[in-house]
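A structural walkthrough
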Amino acid sequence: MAADVVNLRQFRKAKARSERETAAEQNRITYGRTKAEKSLTQAQNDKAARDHAQGRIDKLDQE
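Below is a short write-up of the structure.

What counts and what doesn't
Residues numbered from 1 in each chain as written. Predicted model: local features only at pLDDT ≥ 70, side-chain atom pairs only at ≥ 80, totals over all residues. Heavy atoms only, no water. Helix = DSSP H or I, 4+ residues; strand = E, 2+ residues; numbered from the N terminus. Areas by Shrake-Rupley, 256 points an atom, 1.4 Å probe, with all protein chains shown as cover. Lys, Arg positive; Asp, Glu negative; His and termini not counted. Charge placed at Lys NZ, Arg CZ, Asp CG, Glu CD. Expected span 1.5 Å × (residues − 1). Polar contact = N/O pair within 3.5 Å; in protein donor to acceptor, adjacent residues only side chain to side chain. Patch = residues over 30% accessible without salt bridge, like charges linked within 9 Å, V, L, I, M, F, W, Y side chains within 5 Å. Salt bridge = Lys/Arg side-chain N within 4 Å of Asp/Glu carboxyl O. Buried < 20%, exposed > 50% of the residue type's maximum accessible area, 1.4 Å probe, protein only.

Turning to the overall build of the protein, a few remarks are in order. Scanning the protein from N- to C-terminus turns up 2 helices and 0 strands. Overall, the C-alpha framework of the protein stretches about 90 × 30 × 15 Å when taken along its three principal axes. When the accessible surface of the protein is summed, it comes to about 6,700 Å², and 53% of that surface belongs to carbon and sulfur atoms. Treating the 14 positive side-chain charges of the protein as one cloud and the 10 negative ones as another, the clouds have centres 13 Å apart.

Structure follows, in C-alpha cells:
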C-alpha cells in the first residue's frame, strides 16, 4: 500500500509549463498569421462587401 512519491516542485513546474504551452498555442492561432494571409482575408472581405452591394435594389421615392 505504498503510494508514489511526488516531488511537488517538479509537479508545479510541469503544470506551469503545460499552461504556458496551452496559452502559446492559443496565441499562435489568434495572432500567428502572416501579412499575406491578413491582406488576402481583407481582400476577400472587401470583394464580398462589393458583391453584396451590387445586388442591392434601391427603391425610388414616390411623390
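If you trace the backbone, H52 turns up in helix α2 (residues 35–54). Between the C-alpha atoms of H52 and A16, which are 36 residues apart in sequence, the distance is 48 Å.

What follows is about helix α1 (residues 8–31). The end-to-end C-alpha distance of α1, which contains 24 residues, comes to 34 Å, matching closely the 34 Å that a straight helix rising 1.5 Å per residue would cover. At the N-terminal boundary of α1, the capping side chain belongs to N7, with an oxygen 3.1 Å from the backbone nitrogen of R9.

On to a nonpolar patch on the surface. Taken together, the side chains of V6, L8 and F11 make up a nonpolar region of the molecular surface, amounting to roughly 310 Å² of accessible area. Relative to the helices and strands, F11 resides in helix α1.

Right, let's talk about the pattern of salt bridges for a bit. Counting across every chain of the model gives 3 salt bridges. The residue E21 makes a salt bridge to R28 at a minimum N-O spacing of 3.4 Å. Judged by its relative accessible area of 44%, R28 falls in the partly exposed class. Between K47 and D51 there is a salt bridge, and its shortest N-O distance comes to 2.9 Å. Placement of both K47 and D51 in helix α2 is noted, with a separation of 4 residues, approximately one turn of the helix. One salt-bridge network, in which partners are shared between bridges, spans E21, E25 and R28.

This part covers the environment of G32. For G32, the location among the structural elements is in the loop between α1 and α2. Spatially, the C-alpha atoms of G32 and A53 are 31 Å apart, while their sequence positions differ by 21 residues.

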